[in-house]
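Observations on chain architecture
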Amino acid sequence: MADDSEWMKLPIDQKCEHKLWKARLHGYEEALKLFQRIDDEKSPEWSKYLGFIKKIVTDSNAVAQLKGLEAVLAYVENAHVAGRTTGEVVSGVVCKVFNQPKARAKELGLEICMMYIEIEKAEAVQEELLKGLDNKNPKIIVMCIETIRKALSEFGSKIVTLKPIVKVLPKLFESREKAVRDEAKLLAVEMYRWIRDALRPPLQNINSVQFKELEEEWVKLPPSAPKQTRFLRSQQDLKTKFEQAASSDGVDGDEDEEAPPEVDAYELLEAVEILSKLPKDFYEKIESKKWQERKEALEALEILVKNPKIEAGDFGDVVRTLKKVIGKDTNVMLVAAAAKCVVGLATGLRKKFGTYACLVVPTILEKFKEKKPNVVQALQEAIDAVFLTTTLQNVSEDVLAVMDNKNPSIKQQSSLFLSRSFRHCTPSTLPKSLLKPFCAALLKQINDSAPEVRDAAFEALGTALKVVGEKAVNPFLADVDKLKLDRIKECAEKIELAGGKKVAGGAEKKDAKSATKTAPVAEAPPAKPAAPQKKAPVAKPGGPPKKGKVAGGAGAKGKKAPVETKDVVETELSDEACEEKASAVLPASCMQLLDSGNWKERLASMEEFQKAVEQMEKSEMPCQALVRMLAKKPGWKETNFQVMQMKLHIVGLIAVKGNFSKTSALVVLECLVDKIGDVKCGIKSKEALTAIGEACSLPWTAEHVVSMAFAQKNPKNQAETLNWLANAMKEFGFSGINVKAFINNVKTALGATNPAVRTSAIALLGVMFLYMGAPLRMFFEDEKPALLTQIDAEFEKMQGQTPPAPFRGSIKKGGQDENEEAEEPDEEGGNDVMDLLPRSDIGEKITSDMVSKMSDKNWKIRKEGLDEVAAVINEAKFIQPNIGELPIALKARLGDSNKILLQQTLTILQQIATAMGPNIKQHVKNLGIPIITVLGDSKSNVRAAALATLNAWVEQTGMKEWLEGEDLSEELKKENPFLRQEVLGWLADKLPTLRTVPPDLMLCVPHLYSCLEDRNGDVRKKAQEALPTFMMHLGYEKMFKATSKLKTASKDQVVSLLEKARTNMPAKPAAPVKAADSKPAGGVKSAPASAKPQLSPACDESEVSVPDSKQDPKKAKSAGAAAKGKGVIGKKAPIKSNAKEEEDKSGPIFTHVPNGKEQRIKDEKGLKVLKWNFTTPRDEYIEQLKTQMSGCSAKWLQDELFHLDFQHHIKALTAMIEHLEDEKDATISCLDLVLKWFTLRFFDTNTSVLMKALEYLKMLFTMLSRENYHLNEYEASSFIPYLVLKVGESKDVVRKDVRALLNMMCKVYPASKVFTFLMDGTKSKNSKQRAECLEELGCLIESYGMHVCQPTAAKALKEIAVHIGDRDNSVRNAALNTVVVAYNVCGDQVFKLIGNLSEKEMSMLEERIKRSAKKPAAAPVKQVEEKPQRSQGGNPNASLMRRPPLDEVPSKLNQYRSQNAHPEQSSPSIPREFQLDLDIIENDHTRVSEMPDLVQHKLDELLEPVLIPEPKIRSVSPHFDDMHNSIASTINFVVSQVASGDINTSIQALAQIDEVLRQEDKAEAMSGHIDQFLIATFMQLRLIYSTHMADERLDKDDIVKLYSCIIGNMISLFQMEMLAREASMGVLKDLMHGLITLMLDSRVEDLEDGQQLIRSVNLLVVKVLEKSDQTNILSALLVLLQDSLLATASSPKFSELVMKCLWRMVRLLPESVNNINLDRILLDIHNFMKIFPKDKLKQLKSDIPLRTLKTLLHTLCRLTGPKILDHMTMIENKNESELETHLRRVVKHSLDQTSSKSDRETEKGANGMDEMASKSKVSDILAEIFKKIGSKENTKEGLTELYEYKQKYSDADIDPFLKNTSQFFQSYVERGLRMIELEREGKGRVQSSSSGISPQSADTFVPSSTTTAPSITTNGEEVKPAVYLERLKILRQRHGLENNSKQQDERPPLTSSLSKLSAPAVASSTDMLHSKLSQLKESREHYHQELESNQSHTQSSTSTTSSATNLDDLKKRLERIKSNRK
């Protein structure tokens, strides 16, 4: 029980995993209760159990397992995360539960599977169950079948996919186990309930007894359709509906609608490959002369084609063989057998047979001449089966060709075939363009002498009428008499449609369903695209709506005219009748005077005539009688022009006012044409002709007028007739014009001798070109070149113009015809224009000889054949569709191995397309698809030719034919990268232009998805481009559904691409808008519509798409809505919700949850949630983040953050940017979640989101840095790795921002840890990422030194060095640069650290190191050589810094400054305001001694206002608001231009910023952008330094101008303390680096205003030091000093200037100490001292850094006292540096400074380490030195060594070595040491006075230190205080001063101060003197002797003052200093 009590205490999840079964049982029971108790399905509690749900299912203990299964069922039912476990749990159920003996266990297992299906995981469950069918254990198989059966029974065939089950079902019937067979039988019965007879074919091959049993069971099933009884979670509305229906008595309401769709058995079948199974001798036998052998061959084929589904292949030879048998075999029995084979092939291949349809259809139609019924029936079945595989369009030419056949049987069967075909059509698949020729042919047959032909024609017409409705057919039946029309209507009523009833709307559901069994797969799809266009076809069988006002071409209007003018047709009247009718309406006087001889009377008569006509009613006006009266003598030969004008005017009046018939028109037309050229009457004649054109239609009028004009020989009349016609066309439009009739007359006119006629003809052609477009020119190809040039010039004028809107003629009645047009205008118009062209039949010219040549083995002969074909086509120009055997021959050549012939074939196909025009549609399947195959050729020129050919074909055919069927998908299926990328590119180009596509496009989608994952990058790219174009037609839902068949890994990738494509989905070309009808412009365009079909759609598209893409944030929704055909509604809905959302957006966006972050960290550590670690974010990560964020973010924000549309992300980011400053604490509290969300955005490809995200992140990290927040490990590890991923982004702008972020990261997270993440980034496969990471590593090493390298410098550098051998050039360069940076930091040691490199890599590295050393010396090398100067930097060759600013060697600037230091130079020098002088400090009683006084030179000069050169370009100052919509984005934009590589751009940007900074009210706008601006500025400084200054092509004035602008801007900025304080530490560091580098740049001095520039920079530096945030600038200077000391290549001048700045800061400390963050400053000093401990600082060539640091610390201690020790909170390990020790010592020292003993102890403690280090070796070294002194040869060397040793170790005790020697030897040694000292002192003095080196270039400034520190002489040796004391005495004696006299208080002049510093530094601090006092006392006597012995060596007479006096003097000075300090 003790054990029990142990596990009883465990939490539930641990119990569930316990090794004791009892514990697990108990755990499962508790888990079950818990699962039933948790209400929230999204509770984080569920995630705890994710990991061991499968373990519960597979528990080895049966009792525990049973209880565990109950718990799992509850879990699956209630947990939202349960779906993730589907695969493993169901697999466990199948393997470990279904084999259990307990029925309860199996029952629970089955229920778990059902529950998974209910939560939308049907596919995964089904997959595991089907795997279970392969298990060896029959129990498992039985349970799997039972589960599938139950799932099918409850969820239905929509949820459970039947196709995979059908495949395995026959195998289950073959099982040995009876239980399996019985269960399979039950499953088969259940499946039959759902799919009925579709199940029969797949089960045909099972045991006949079993099949019989099945049939018996099937018969028992109820006939009603089964219903789904259990529903998915997403189907709850259906569930409610079902429950309501079940509760009510009448359940019949919507049953049919809810019934599952009819399943096509064909889809369930497996395709059978039959080509390989054909008998080997098939082709021999079929050609045999014996009919029995031919029969055997056909029987063998017939058996094979009985397979219900045949695999696609090349059946061309088989079909041609069958065609030959049908067409030529004399044995009718074999003809019938061949027809049956055709039926089998067509049925088995379905759409794939469409390619061969055009081969067999003509032959079958011809064979209908056979009389035998069985043959005719077989042929009927064959042609019907073939029709179902193709379209009516494709076979129309063949059918029309035989409609005029003399054989009545052929005519009858053709009509019957049409009748049967029409039944399968819909209004959209039987357009007017097809109906027109068929109706014309059938109308001829209804008048045929053979009754069977007439009956068949009536039946066909009746079927057409039933399918498309009366309105569509009536225009073609205008001339049919009533009896025949009634007969057609009677036939229409009797007709039973097959699939078309759905469209016509007149059939019941059951009929429609039964019909679908025989209907082809293709029949349903066309109905779908028809539906969205207009609802009319669905509601009424009458034709679908007409597109706009396009008048349907010549045919449509021509046919309509008779109907409109039927009542105006009249017979010709006799003269008497006319006179009688005229006299009834005209006045008698008028009638009498008509033929008067006096013209005035005739004129009066005409006036009365006109009045009478004007007053007549239309119905009363006898038009023919009146015009005949006008023709009464003298009639039209009237000589008086006034009377003639009146007559012509009256004709026009009658035509307008009366019912003017063509009979009346014929009376006057000839006279009107005769007068049209008359000068006086021509205008009236034209008006009359126009009126007649309106009354009788322009086409009819124009045809007669033109023929009459050209029947005359009067050129004036001809020219004016053509002019009138050109104008009339513009007024009436082009509809109905008989182009052919005009063309011949126009050609005559073009050949006329009169130039006016030719000009008019060309003008007319120009007008016709407006309507017909380019095809018009084809009629005139044969004209003379000169004439053609004129025609082309006219066409050129008209190019691009649109025809004017017609305002005369039948356009007024256009409203009536609105719904009579079914076709799209481009098809209709284009076809009509092309139909006008005279076409040749070249079928006979394509001889068998030509075809055989093309298939010859010899390529030359093949070429001959192709040449002949090309010649035939060129000769014919325009050809008919009949091209004989040419398609087969050309198809073979498309696979020719000779690429030249292949290209020639493509050229021929292109010619055929142009020559045949739209009729080429019927050859698409057999010739067009093979062109697509050629796109897979490896040669790019061949592919280009194929693409050109393909586009030429598509131009003629449209896209519909290409997309129908499986041909295109079969091409995409081929895994040829060239083919795939070309086809996808072509589709991406064409699909956006289509309004509708055939549903067969869906077949391409699976192959499109495979292309998205293709190995070839180009294929993937093209697939991604094509994805949105597919989606615009198929819709997102369909395409998403298609991903269900993909593997999980693939699915995730494809779905993410679908989401992206969804946002980029193009809008569909707009459908024609009805409102456009009011504009009649489109109405005239029948013919030319093909030339410009996209004018109106283009406009609509632009109107629709612009708001979608730019303004509407709900783009995805509206796009989705548009795809479903509800564009407008879809857009209005979001607007309301948007308004609602806006109301909720007030208030904070983030909420501070106490300890929320800590809890999340605990959960992740305890594995309660997923660790944020992935390669691509999966759904579960997104869901987890969404759940976590729900508690701490506003709901509206969360909705935006996790929306699928990128626009919403931008919205969210904008809000986050706005709230960042106001909600700092809340943002920091959920910072981990915010950063995680940004990692998800890094996986998006939308650049706008990414840029917005980076903008926010920069602001965020700036804020974090400002708040001194440091990222914890949890936050960093879930963000930085993903940020590092983006550093490899291809876009420069993104990379730049990411690099900036990484730099900022080091302020909130240790650089050494960032280093580790970057090292991981170097392992990436992305070369750009590797290169950038290496560059960044170099920057880190450069900034933080070698200690930043993790885990050790050696390991890190080894890994970096590996990349030197990388194959990518940029990676190699980056690796080399990084190693060079390391070399600059640690010198030759780097070669040890990087390990062994190959010879090649090592040579590359060495070369790079050499090159980087040489690079900076490019400009100033010569001067350096000419004036060799000693720089304290040591060896100039060691300057190997990668960044130019630190590469400076002594340069012109330094020389210039050194000259300024000499007294003789009168030019103003740059004052060294930070220089120190110890003597002045000691004697200045007004100052405290700890604070060293800086030499007070002429600072007034510095403080004078510096003249900044004014930037000349000030005019370019655009208003900010004009450029961008917000000030912030404007400033961002302008600031980004500051760093531009173009000088002018940068200057303009700086001018704009300067304008803002100079205006106080606007300057605030810069707040928040200071860092950004400063970064841009120092980047520009670097660019000038490294690039512009070295570029000799650039004008130096421009560079000066740029420098001036930069410095001016910065001074303006740093005068505003508010803005200046915003500059961060890192930015200030880089800024100071840039400014100091500029001051040291010798090249600046050579510039014209160089001096002024340097002074300006000096002033700027002072401003920066004073106005910046004091913590930041002090910290920046410390880090900069540290970097400059670390960098071996750094110029000593650089370090000097940095230290001067630090001294300046020290002076400012008393005022600013209260505002300084001491913790951070002490941390920086700690880091400095960690890198530079005391020992290391002593090894430097200058001791000033150490002094500077000590002075800083001493000042801080003095100002803050002991409290300073409380400010070390930020230092983690205080033992890493000497800071704490030093501070304690200084504090103690300052408290007890009166005690000399204390001072000595302090000194002793400070030097303790030195003494300990030296003690061990001291005796050995001194013994060696004294041995040398004792030898004659080496005496001098020994003394020198002893002197140097004493200098180094001043307190070294040499007494033990001298004690045992003689007095003489001791004095000899002492004398020798003094001599050396004096000698060296003299050298230093001479050197200082004679040297030309300026103090700036050769010396150091010497600050006084508050603690002891060694000084440095010119040769770098250390000097101790005793030496200074001695030198002080000697100097005073030399200048005639007494040692006890007071020092002068006057300050020496500048030059003397400077020269004084060039001597060995005589600076010793007060503390130093004080600490050495005791030593001086002890050696008092020694000094006395020394002075006496050295009397002879001194050059000036000195008084014999005792050393005691000197000592007293020293004491007094010390006391004075002490009193000052107090």
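Note that the coordinates shown come from a computational prediction; the quantities given were computed from them, not determined experimentally.

Conventions we followed
Residues numbered from 1 in each chain as written. Predicted model: local features only at pLDDT ≥ 70, side-chain atom pairs only at ≥ 80, totals over all residues. Heavy atoms only, no water. Helix = DSSP H or I, 4+ residues; strand = E, 2+ residues; numbered from the N terminus. Buried < 20%, exposed > 50% of the residue type's maximum accessible area, 1.4 Å probe, protein only. Contact = heavy atoms within 4.5 Å. Areas by Shrake-Rupley, 256 points an atom, 1.4 Å probe, with all protein chains shown as cover. Core = buried A, V, L, I, M, F, W, Y, C linked by side-chain atoms within 4.5 Å. Salt bridge = Lys/Arg side-chain N within 4 Å of Asp/Glu carboxyl O. Axes fitted to C-alpha atoms, helices over the stretch in contact; angles between N-to-C directions. Parallel < 35°, antiparallel > 145°, perpendicular 65-115°, else oblique. Left-handed = near helix turned anticlockwise from the far one by under 90°. Nonpolar A, V, L, I, M, F, W, Y, C, P; charged D, E, K, R; others polar. Disulfide = S-S within 2.5 Å. Phe/Tyr/Trp six-rings, centres within 6.5 Å; stacked < 30°, edge-to-face > 60°. Lys NZ or Arg CZ within 6 Å of the ring centre and 35° of its normal. Expected span 1.5 Å × (residues − 1). Polar contact = N/O pair within 3.5 Å; in protein donor to acceptor, adjacent residues only side chain to side chain. pLDDT = per-residue confidence, 0-100. Patch = residues over 30% accessible without salt bridge, like charges linked within 9 Å, V, L, I, M, F, W, Y side chains within 5 Å. Lys, Arg positive; Asp, Glu negative; His and termini not counted. Charge placed at Lys NZ, Arg CZ, Asp CG, Glu CD.

With respect to the overall build of the protein chain
Of the regular secondary structure elements, the protein chain holds 110 helices and two strands. Across the 2022 residues in the protein chain, those meeting the buried criterion constitute 53%. Considering only residue pairs separated by 6 or more positions, the protein chain has 76% of its internal contacts joining residues 24 or more positions apart. Put simply, the protein chain shows about 91800 Å² of open surface, and 52% of that area lies on carbon and sulfur atoms.

Here we look at the nonpolar core
Grouped together as the largest cluster of nonpolar side chains are 98 residues, with contacts concentrated most on L1574 and I1725. The leading source of residues in this core is helix α88 (residues 1596-1614), at 11 residues. Not counting residues up to four positions away in its chain, the partners in contact with I1725 are L1678, L1749, L1752, L1753, L1756 and L1779. Residues L1231, L1260, V1294 and L1376 belong to the second largest nonpolar core, which totals 97 residues.

Section: the pattern of salt bridges
Overall, the coordinates contain 68 salt bridges when judged by the stated rule. Put simply, R1330 and D1366 hold a salt bridge, and the shortest N to O gap is 3.1 Å. On the criterion of sequence distance, the pair formed by R1330 in helix α74 (residues 1327-1344) and D1366 in the loop between α75 (1353-1362) and α76 (1369-1386) is long-range, its members being 36 residues apart. Salt bridges linked by common partners bring E111, E118, K150, E154, R230 and R233 together as one network.

Structural notes on the packing of helix α92 (residues 1650-1667) against helix α94 (residues 1692-1712)
Between α92 and α94, the shortest axis-to-axis distance is 10 Å and the interhelical angle comes to 40°. For the element pair α92 / α94, the angle class is oblique. Between α92 and α94 lies a crossing of right-handed hand. Touching V1661, V1662, L1665 and E1666 of α92 are C1701, R1704, M1705 and L1708, all from α94. Residues that form the contact of α92 with α94 fall into these classes: six nonpolar, no polar and two charged.

Things to note about unusual backbone geometry
Put simply, Q1350 and P1351 share a cis peptide bond, and its omega is -5°. The backbone of N1155 shows a phi angle near 60°, a positive value even though the residue is not glycine. As for its placement among the helices and strands, N1155 is situated in the loop between α62 (1127-1144) and α63 (1156-1165). The exposure class of N1155 is exposed, given its relative accessible area of 58%.

Some details on the environment of A23
Looking at the secondary structure, you find A23 in helix α3 (residues 21-37). Measuring from C-alpha to C-alpha, the distance between A23 and A64 comes to 9.1 Å, with 41 residues separating the pair along the chain. Sequence-distant contacts of A23, defined by excluding residues within four places in its chain, comprise W7, K15 and H18.

Some words on the state of the cysteines
Counted under the stated rule, the structure contains zero disulfides. Free cysteine: C696, not disulfide-bonded; nearest cysteine sulfur from C623 at 9.4 Å.

Re the packing of aromatic side chains
According to the stated counting rule, one finds 26 aromatic pairs in the structure shown. Ring centres of F35 and W46 lie 5.3 Å apart, and the angle between their planes is 40°; on these two criteria the pair is classed as tilted. Of this pair, F35 sits in helix α3 while W46 is found in helix α4 (residues 45-48), placing the two residues 11 residues apart along the sequence. Between the aromatic rings of W953 and W962, the centroid separation amounts to 6.2 Å while the plane-to-plane angle is 75°, which identifies the pairing as edge-to-face. We note that W953, like W962, is buried. Each residue in the set W1172, F1174, Y1181, F1243 and Y1282 is aromatic and connected to the rest through ring pairs, giving one cluster. Against the face of F641 rests K680, its NZ or CZ located 4.4 Å from the ring centre. Residue placement shows R1643 over the ring face of Y1585; its charged tip is 4.9 Å from the ring centre.

Considerations on helix α6 (residues 62-78)
One turn of an α-helix holds 3.6 residues; hence residues three or four places apart share an orientation. An ideal rise of 1.5 Å per residue puts 24 Å on 17 residues; α6 measures up with 24 Å between its terminal C-alpha atoms. Buried residues of α6: A64, Q65, L66, G68, L69, A71, V72, L73, A74, Y75 and V76, and no others. For α6, the secondary structure elements touched by its buried residues are α3, α4, α5 (53-57), α7 (86-97) and α8 (103-118). Between the side-chain oxygen at the start of α6 and the backbone nitrogen of V63 there is a gap of 3.0 Å, and the oxygen is on N61.

Topic: the side chain of H1007
Note on placement: H1007 falls in helix α56 (residues 1005-1012). Using a relative accessible area of 17% as the deciding quantity, one classes H1007 as buried.

Some remarks on the packing of helix α38 (residues 641-657) against helix α39 (residues 662-675)
A pair of packed helices is captured by two measures, namely the crossing angle of their axes and the spacing between those axes. The geometry of α38 relative to α39 is characterised by a closest axis approach of 12 Å and an angle of 130° between their N-to-C directions. As far as their axial angle goes, α39 and α38 are oblique. Seen from above, α38 lies across α39 with left-handed handedness. On α39, the residues that touch M644, L648 and V651 of α38 are V668, C671, L672 and K675. Along the lines of polarity and charge, the residues of the contact of α38 with α39 split into six nonpolar, no polar and one charged.

Observations regarding the environment of K662
As for its placement among the helices and strands, K662 is situated in helix α39. Sequence separation between K662 and S697 is 35 residues; the distance between their C-alpha atoms is 9.4 Å. When residues no more than four places from it in sequence are discounted, the contact partners of K662 are C696 and W700.

What to know about the confidence of the model for the protein chain
The predicted model of the protein chain averages 75 in pLDDT, with 75% of residues at 70 or higher. For residues 1073-1143, every residue scores under 50 in pLDDT, and the model assigns this stretch 103 contacts once sequence neighbours within four places are set aside. Of the regions scoring below 50 in pLDDT, residues 1794-1814 engages in 25 contacts with residues more than four places distant in sequence or in other chains.

Considering a negative patch on the surface
Taken together, the side chains of D1595, D1597, E1648 and D1649 make up a negatively charged region of the molecular surface. Within the secondary structure, D1597 is located in helix α88.

Some points on the side chain of K675
Examined against the element boundaries, K675 turns out to sit in helix α39. Put simply, K675 is tucked away with no salt bridge, and the nearest opposite charge, on D678, sits 4.8 Å away. Those residues within four positions of K675 in sequence are excluded, and the remaining contacts are W636, E638, M644, L648, C681, G682 and S685.

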